[in-house]
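A closer look at the structure
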Amino acid sequence: MTLLTGPEATLPADWYYDPAHYDRELNAVWYRDWVCVGRHEEIAEPGDYIVAEIGTQRVIVTRDSQGAPKAFHNTCRHRGSALCQTVRGHFPNGRIVCPYHTWTYSLDGDLIATPARLEVGDFRFRDFSLYDVHVDSWGGFLFVNFADVPLTSLRESLGTEADVLDDWPLETLVSAHQEKKSLACNWKVFWENYCECYHCPRLHPELCRVVPLYRKGVLSHADLPDWRPQDDQDDGRPTVAPGLSTWTIDGRSTLPAIEGLDERHRADGMAFASFTASMFVVAHPDYVRSVRMQPLGPEGVQLTIDWLLPPGVREAHADSFGRILGLAQRVIEQDSRACELNQQGLKSIRHRHGVLVPQERTVWEFHEWLRAKLVGSDEAARN
Amino acid sequence: MTLLTGPEATLPADWYYDPAHYDRELNAVWYRDWVCVGRHEEIAEPGDYIVAEIGTQRVIVTRDSQGAPKAFHNTCRHRGSALCQTVRGHFPNGRIVCPYHTWTYSLDGDLIATPARLEVGDFRFRDFSLYDVHVDSWGGFLFVNFADVPLTSLRESLGTEADVLDDWPLETLVSAHQEKKSLACNWKVFWENYCECYHCPRLHPELCRVVPLYRKGVLSHADLPDWRPQDDQDDGRPTVAPGLSTWTIDGRSTLPAIEGLDERHRADGMAFASFTASMFVVAHPDYVRSVRMQPLGPEGVQLTIDWLLPPGVREAHADSFGRILGLAQRVIEQDSRACELNQQGLKSIRHRHGVLVPQERTVWEFHEWLRAKLVGSDEAARN
Amino acid sequence: MTLLTGPEATLPADWYYDPAHYDRELNAVWYRDWVCVGRHEEIAEPGDYIVAEIGTQRVIVTRDSQGAPKAFHNTCRHRGSALCQTVRGHFPNGRIVCPYHTWTYSLDGDLIATPARLEVGDFRFRDFSLYDVHVDSWGGFLFVNFADVPLTSLRESLGTEADVLDDWPLETLVSAHQEKKSLACNWKVFWENYCECYHCPRLHPELCRVVPLYRKGVLSHADLPDWRPQDDQDDGRPTVAPGLSTWTIDGRSTLPAIEGLDERHRADGMAFASFTASMFVVAHPDYVRSVRMQPLGPEGVQLTIDWLLPPGVREAHADSFGRILGLAQRVIEQDSRACELNQQGLKSIRHRHGVLVPQERTVWEFHEWLRAKLVGSDEAARN
C-alpha cells in the first residue's frame, strides 16, 4: 500500500446530497455494476425468492427448476403490477403468478398462461417475458446486474479481492444471524468510513483492543514509516493481538475453527475483502461476516449484516454463538453515528470539498473508482 | 361494446409517478373538467358548507340564501388566508367571515364588510369578490369546475352515462353512510382498475358469486365470443345471479325496494354509470353507491364512498342496512391493495409501458380520453 | 407613521411556497444579513456553545478564552463531519474536537492538532481553519452573518430601532424562560402578522383589553384620522390601558420594576423594536420579551421566545413570574393558527397576490425591504 503524498481534495460536497447527482450515480454504478443482494441459502429450493431494493428498483431473485438463480424486475408485463408482495417467499408449483390479473410466468420468466384473457388479435406470449436481470453467484453470495450487457463477468469484477478469501469455504457457509440497519447518510459516506481506519483510535476502543494496529489509525503496518517486514510472508497486514483469535469483545471464541484454513489465516485471526461498493467481507477463523449496502435515496442507505457459519454450528454452539455478535454490533453502531454526523456537516455552503490525509489513500482510490465510473457512464450515454 | 383487436400499449409508465406530468394532468383534467365533490344533502341549508380538496386546490361549496349552490376558492381576497378551517360547517347569518382580519363576504361571494379598515384611497368592494368556481348539480351530486369558462355544461359532460340512472330518484336519496380511503397510487391506476373486470376472477371471489359473468373476466356478456342476445332487450349487460337481488355478500337484502324502478332494473339487480374520472355510481334496486376520487399527489388518491338510500330507510331498517356495506367494503379493500401493488411495479426502469388485452377496451378508451384532454389543454395554453 | 394612500398589491403568492424562490431568499436575506441566534448568557463561559439552524445551515456560536464570541459552520475541514452533536454544550479544555477523526481546533477556529495523522507531504495547518462566520452582539443578543463581508456592521443594521430600547439594561438581563414553536408557514407570513395590528380586534381579545388602541386595528394612535397629539411627547405610540402596567392577562404584575426606566416608559407599559426579519423585542417595565425567527423550509419556520429579567428576579419572585407568561403565550397561539391558515389559502391557482389596506403600511415597508434585498443580491451575484 502506498500512502498519499500530499493533501488530496475529496469529492465535491454536493455529490453527497444533490438528488440529480444521486440519479447520475444510480445509473453509473448501481444500475450498471454487479450488486450483492443476498445469500444463496436464502433461496435454498427452486421457487424460493427474495426481493431486493436498489435505488428505486426492486428485483426478484429466485431459483429455477434446475436450481439456477434467476432475477427479474418485480413488474408484470401486462399493466406493470408488482409480482411479489413480500421481501421473501416461495412461488408454488414453479409459477410466478401476478396477483392482479393472474398472468403466469415460469421460473425462467417466460409468460406461460394468461387465464381468462379473450383471444383476439396478435398476442404472442414470447413478447411478454419478465424483464430479466443478470444474476450470478460467488462464494454463496448472489449478485445482480441491471445492465443490458454487463461490462464484465461477476468473477472479473470481484478481481483479486475474492482471492483473499480462497481459503474459506464460503459456498458452504450459512447465515446464522442477519441484521438490517438504515442510516441517514449518502452511500459514499458509509463506504468511505469502511475504507479507512484513521477514525479507529477515537471511535472503536473495543476493536482497537482486539487489533492493536488500529490504535495507530492505519489499516496496514506497511503504512507506518518505520515498518520493516519481519519475514517473506509479512506484507504488513493487520492481525488480532497476540493470544487472541478472532473478532469478539474479548478476542476469544469457543466456536469450532472453520475446517481447512491454513496456519497463517488462523494466526492472523482476520482477513478483509472489499467488493466496491455493495459489500465487504471480514473472515475470521471461526466465522465470516458480510456487510451489504444498498442506497435508499440521496441521504439514505440500508445495511444488511450477515454472520456466516458452517451448517449446524449455531445450533450446536448456541452459547458461543451469542458472543460473536457483540463486537461487530458495537463497531457498526459507532460507525453509523459517525456517518450520520458526517452527512450533516457536508451541507455547509462554505464546504466545497474536504481533504484526505496520507492514510486515506483507500478513500482516494474509491473516489478515483467512482470518477471513472461516472465518466464511463457518460461516455456510454453519448454513444 | 367492441373489443380491442390486438395488443395495445398502455400510457407511458412515468405518467404514473412523474411530478411534472402530474401537474400537466391537474391542469388538463382536474382544474378543467367538472369534478364531483359531494352530495347536495351535505349542504342542506343556506350557509352550510363543505370544503373539497382537488390536487393542490381547496374549494368551498355552500348554498346561498335562495338555496342555489355556490363555490369559491378557500382564499380570502385580502392577504390570502384560508376562510374555512374545517371540511364541513355552517356560515352563520349568511356571512363568510375570514378568521384573520374579518373581511366579510355574502354567500354569493361579494365582499360586504371590512371591519376596522381605515378608509383611505380608492378601495372598491367590487374588486374583491371571492374567487368563484363554477358549480352545478345533477342527481343530487355537486360538481365544481375550476375553468374560467367550462368547455361544456355539466349535463353535457355527463352525457349518456347519466341516462342509465334515469330510473332512480337520485335527487331524493341521502347518504346513509360515508367512508373515505387514501390509496398510495396515481389516480389513473385506480380508474383503470374500475374500468375493467379482467381482474375480477382472482381478486373478487365474493363479487363473482353475486355476478357470475365476472368470473369470466369481462364486464358484458357481449364481450364473450359465443354470446348471442336472448331477446330485443338483451344488450349483454351484467346482472346478479338468478335468485339474487342486489350487491350484498349473499346477494340478498331485506331493505325495501326503491320506488318506481321498472321490472328490468329490479331483475338486473345492478346498473353502472361512469363519470370519468371523478365518480362512478352503482345503482341497485334497494340502494345506490357512489365512489368519488380526488388526486392528492402524483402517487396518492382519496376515495369517498357513499351509500345512498331514500330518506328514513336507514333509520327504519337499521339491521338490514348494516348488511349492504360488506360486499362493497370487501371489493374496495381488494382493489385498493391491487392498485398499490400496481403503482409499485410501474417504477421499473425497464418498464416503458404495459399492454392491454381485448377486454380492456374500456381502459384503452380511458387512455384515449386522457390523451385528448392533454392535447386540448396544450392547445388552449398556446392560444 | 404614514398610511398607504391606496390599495397596494402584496408580494406574489408563489413567493410563499415556491422552493426556488425560497432559496433565492435564503441567499438574499438569511445568508447575507445579521441574524439573531441567541443570548449571550447562553454561552456564559469560554467554551460554552450553542448551535443555531438557519435555512439549511448550522452555525456554532461559542466564546473564546478572552470571552469574545466566535462563530463557525458546524463542519470539520477534514471530511466535513458535523462537530457538535447537541444544540447546546461546552467544549472542554478550550478545544473543539471533531468526533470523527479527532481534528482539534482552538476556540478561535485554528486547527491545532490532528492526532494519528501520518506526516507525509505538504500539510499546512493554517489551510484548515474552521469556516468562520461573522458574529457580534448587541443588548446581550448574539447575531451571526454568513456573508464574506457583511454589508454593514451589526449596529448599523439595527439602526434606530435599537434606540427605542436604550432605557432598558438589555445586556444585564437573562432569559428566565424560553419556548420554541414550529409553524407550518413561510417566514414572511409570520413577519407580516407581526407587522400589523389589523388582525388584533378579532384575534387577540385578551391583548386588546390590555392595549385598548389595538381594538381599532392599528399600531399607533397616529394612524387614526381624528388623532391630535396631546402634548409634545405624544407621538401616538400605543400604551397599556389606564391603571394597567404591563402585558399580562390582567395587565398587572407583582414583579419588581426594572431599574432605571424613565417615567414615560413606566407609564407606557410597553415598547416595540423590530429587527427585520430575525427578531423583535417587546419591552415592559418589569420584563422584556424577544421573539426570534428562523426559516426551516419554504413552508416552515421556527420561533424562539425568551422572557428576559434582571438576574435573580425569577428565583425571588417565582409566583409573580408565572403570571407574565400567559398573555404572550395566548397571543402567539392565536397568531400561529392565523399564520398557518394564511399559508394554506395562498395556494389557490386564482390567487396571484393579495391587497394591503392603509394600516398595513408596515407590511408594505417589509415588502419593499425584501424587494430591495432581492435586487441587491441579484446585482451582487452578477458582479
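**Re the side chain of A:T114**
With respect to the helices and strands, the residue A:T114 is situated in the loop between strand 9 (111-113) and strand 10 (132-138). A relative accessible area of 8% places A:T114 in the buried class. Engagement of the side chain of A:T114 in a polar contact is seen with the side chain of A:R117, the distance being 2.7 Å. When neighbours within four sequence positions are excluded, A:T114 is seen to be in contact with A:W103, A:F123, A:F125 and B:Y198.

**A short note on the interface of chain C and chain B**
Listed as interface residues are 40 residues of chain C and, on the opposing side, 35 residues of chain B. Summed over both sides, the interface between chain C and chain B buries roughly 2900 Å², with carbon and sulfur atoms accounting for 56% of that surface. Its largest share of buried area at the contact with chain B, chain C owes to C:Y198, C:R202 and C:R350, together 23% of the area lost on that side. At the junction of chain C with chain B, the criterion picks out four salt bridges. Note that C:E196 and B:R79 form a salt bridge whose closest N and O atoms lie 3.0 Å from each other. Linking chain C to chain B there are 20 residue pairs in polar contact (both at pLDDT 80 or more). Those elements giving two or more residues to the side of chain C that touches chain B turn out to be helix 3 (187-195), helix 4 (200-203), helix 9 (326-345) and strand 17 (355-356) of chain C. The element best represented in the side of chain C that touches chain B is helix 9 of chain C, accounting for six residues.

**Topic: the sheet that holds strand 13 (residues 271-275) of chain C**
Residues and elements named next belong to chain C. Read from one edge to the other, the open sheet built from five strands follows the order 12-16-15-14-13, with strand pairing classed as antiparallel. In this open sheet, the two strands that pair with only one neighbour each are strand 12 (174-183) and strand 13. Each strand axis lies, on average, 15 degrees off the axis of its neighbour in the sheet, ignoring direction. As defined by bridge partners, strand 13 adjoins strand 14 (residues 279-283) across five bridges and the pair is classed as antiparallel.

**Observations concerning the relation of the copies chain A and chain C**
When chain A is fitted to chain C, the best match, at an RMSD of 0.0 Å, comes from turning it 120 degrees and sliding it 0.1 Å along the axis. The two molecules are tied by a three-fold rotation axis, judged by turn and shift. The rotation axis passes nearest to the C-alpha of A:P19 in chain A, at a distance of 8.3 Å.

**Describing the domain arrangement of chain A**
Residue and element names in this part refer to chain A. The domains assigned to chain A are domain 1 (8-17 + 167-382) and domain 2 (33-145). Between domain 1 and domain 2, the residue contacts involve 17 residues of the former and 19 residues of the latter. The junction of domain 1 with domain 2 conceals about 1500 Å² of combined surface from both sides, 55% of it contributed by carbon and sulfur atoms. Summed over the shared surface of domain 1 and domain 2, the number is one salt bridge. Along the contact surface separating domain 1 from domain 2 lie nine residue pairs in polar contact (both at pLDDT 80 or more). Elements with a minimum of two residues in the side of domain 1 that touches domain 2: strand 12 (174-183), strand 14 (279-283), strand 15 (288-297) and helix 10 (361-382). Ranked by residues supplied to the side of domain 1 that touches domain 2, first place goes to strand 15 with four residues. Residues belonging to the side of domain 1 that touches domain 2 are distributed by class as follows: nine nonpolar, five polar and three charged.

**Concerning the environment of A:A13**
Residue and element names in this part refer to chain A. Mapped onto the elements, A13 comes out in the loop between strand 1 (8-9) and helix 1 (19-30). According to the relative accessible area criterion, A13 is buried, its value standing at 3%. Once the C-alpha coordinates of A13 and H353 are considered, the two residues, 340 residues apart in sequence, prove to be 5.1 Å apart. Discounting chain neighbours no more than four positions away, the residues touching A13 are L346, H351, R352 and H353.

**Focus on helix 3 of chain C**
Residues and elements named next belong to chain C. When you tally the buried positions in helix 3, you get nine out of nine residues, the bulk of the element. Of the residues making up helix 3, those classed as buried are W187, K188, V189, F190, W191, E192, N193, Y194 and C195. Sitting at the head of helix 3, N186 places a side-chain oxygen 2.9 Å from the backbone nitrogen of K188.

**Looking at helix 2 (residues 154-163) of chain C**
All names here are of chain C. Among the residues making up helix 2, those that are buried are L154, L158 and A162. Along the long axis of helix 2, the arc covered by the buried residues comes to 35 degrees, so they all point the same way. The exposed residues of helix 2 that point more than 90 degrees off its buried face are E156 and T160. Those residues of helix 2 hidden inside the fold are in contact with strand 10 (132-138), strand 11 (141-145) and strand 13.

**What about the interface of chain A and chain C?**
Taken together, the contact pairs 40 residues of chain A with 35 residues of chain C. Summing both partners gives a buried area of about 2900 Å² for chain A against chain C, and 56% of it is carried by carbon and sulfur. A per-residue breakdown of the area chain A buries against chain C is headed by A:Y198, A:R202 and A:R350, which together make up 23% of the total. The tally of links between chain A and chain C comes to four salt bridges. Here chain A is connected to chain C by 20 residue pairs in polar contact (both at pLDDT 80 or more). Looking at the side of chain A that touches chain C, the element that brings in the most residues is helix 9 (residues 326-345) of chain A, giving six residues. The residue makeup of the side of chain A that touches chain C, split by class, is 17 nonpolar, 13 polar and 10 charged.

**Here's the deal with the packing of helix 3 (residues 187-195) of chain B against helix 9 (residues 326-345) of chain B**
Residues and elements named next belong to chain B. Between helix 3 and helix 9, the shortest axis-to-axis distance is 9 Å and the interhelical angle comes to 130 degrees. Between helix 3 and helix 9, the angle is such that the two are oblique. For the crossing formed where helix 3 meets helix 9, the hand is right-handed. Residues V189, F190 and N193 of helix 3 lie in contact with helix 9, whose contacting residues are D335, C339, N342 and Q343.

**Let's talk about the side chain of C:H199**
If you trace the backbone, C:H199 turns up in the loop between helix 3 and helix 4. The contacts of C:H199, once residues within four sequence positions are left out, are B:Y100, B:H101, C:N193, C:H204 and C:D335.

**With respect to the pairing of strand 16 (residues 300-309) of chain C**
All names here are of chain C. With 10 of 10 residues buried, strand 16 lies mostly within the body of the structure. A two-sided burial pattern is seen for strand 16, the buried positions comprising G300, Q302, T304, D306 and L308 on one face and V301, L303, I305, W307 and L309 on the other. Relative to strand 16, strand 12 runs antiparallel, the two sharing nine bridges. What sits directly across from K181, in strand 16, is L303.

Reading the values: the criteria
Residues numbered from 1 in each chain as written. Chains lettered and ligands numbered in written order. Predicted model: local features only at pLDDT ≥ 70, side-chain atom pairs only at ≥ 80, totals over all residues. Heavy atoms only, no water. Helix = DSSP H or I, 4+ residues; strand = E, 2+ residues; numbered from the N terminus. Buried < 20%, exposed > 50% of the residue type's maximum accessible area, 1.4 Å probe, protein only. Polar contact = N/O pair within 3.5 Å; in protein donor to acceptor, adjacent residues only side chain to side chain. Contact = heavy atoms within 4.5 Å. Buried area = accessible area lost by both parts, 1.4 Å probe. Salt bridge = Lys/Arg side-chain N within 4 Å of Asp/Glu carboxyl O. Pairing = 2+ DSSP bridges. Axes fitted to C-alpha atoms, helices over the stretch in contact; angles between N-to-C directions. Least-squares fit on C-alpha atoms with pLDDT ≥ 70 in both. Domains from an automatic or database assignment. Nonpolar A, V, L, I, M, F, W, Y, C, P; charged D, E, K, R; others polar. Arc of directions from axis to C-beta. Parallel < 35°, antiparallel > 145°, perpendicular 65-115°, else oblique. Left-handed = near helix turned anticlockwise from the far one by under 90°.

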